[in-house]
Amino acid sequence: MFPEGEHDSIIRAARDIVDQKIAMPVLLGNEKAIRAKAAELGIEQLEFEIVNVPNPEHGAAYADALYDLRKRKGVTLRPPKTS
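The structure contained in this document is the topic of the report that follows. (Residues numbered from 1 in each chain as written. Predicted model: local features only at pLDDT ≥ 70, side-chain atom pairs only at ≥ 80, totals over all residues. Heavy atoms only, no water.)

A positive phi is found at Lys 21, a non-glycine position, where the angle reads about 55°. We classify Lys 21 as exposed; its relative accessible area is 73%. (Buried < 20%, exposed > 50% of the residue type's maximum accessible area, 1.4 Å probe, protein only.)

Following this line, the structure appears as structure tokens:
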């Protein structure tokens, strides 16, 4: 899972991971921005999952999963904002 899914280096790394058949990356970010950036980089076919984080359902699920994986390493879970 790559939280900085819109960055050039992350998109290139995800492509390399797929090409080498290491894993199936998941990029977090704005799907349109990721696809546009990939096109700029000459990556036409995206063979990895893109999760649009602003969707509250996905964001909370991924935050919980990351917390479960990293809580013993000092990661803390910030309570959701209440408006």
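This paragraph deals with the nonpolar core. Counting residues in hydrophobic clusters, the biggest one holds 11 residues: Ile 10, Ile 11, Ala 14, Val 18, Leu 27, Ile 34, Ala 38, Ile 43, Leu 46, Phe 48 and Ile 50. Looking at this core, the elements with two or more residues in it are α1 (8–19) and α2 (31–40). Among the elements that take part in this core, α1 stands out by supplying four residues, more than any other. If near-sequence neighbours (up to four positions away) are discounted, Leu 27 is found in contact with Phe 2, Gly 5, Ile 10, Ile 11, Ala 14, Ile 34, Phe 48, Glu 49, Ile 50 and Val 51. (Core = buried A, V, L, I, M, F, W, Y, C linked by side-chain atoms within 4.5 Å. Helix = DSSP H or I, 4+ residues; strand = E, 2+ residues; numbered from the N terminus. Contact = heavy atoms within 4.5 Å.)

A few words now on the pattern of salt bridges. In a structure, side chains of opposite charge can pair up when their charged atoms sit close to one another. Summed over all chains, the structure comprises five salt bridges. Note that Lys 37 and Glu 40 form a salt bridge whose closest N and O atoms lie 3.8 Å from each other. Residue Lys 37 and its partner Glu 40 are both found in helix α2; the two are separated by three residues, about one turn of the helix. The partly exposed category is assigned to Lys 37, whose relative accessible area is 24%. (Salt bridge = Lys/Arg side-chain N within 4 Å of Asp/Glu carboxyl O.)

In this section: the environment of Asn 52. Structurally, the position occupied by Asn 52 is in the loop between β2 (49–51) and α3 (56–70). Spatially, the C-alpha atom of Asn 52 lies 5.8 Å from that of Glu 31, the residues being 21 residues apart in sequence.

Taking 1.5 Å of rise per residue, the 12 residues of α1 would be expected to cover 16 Å, and the 17 Å separating its terminal C-alpha atoms lies within 8% of that figure. Residues of α1 that are buried include every one of Ile 10, Ile 11, Ala 14, Arg 15 and Val 18, and no others. All buried residues of α1 fall inside an arc of 140° around its axis, so they share one side. Of the surrounding secondary structure, the elements contacted by the buried residues of α1 are β1 (26–28) and α2. (Expected span 1.5 Å × (residues − 1). Arc of directions from axis to C-beta.)

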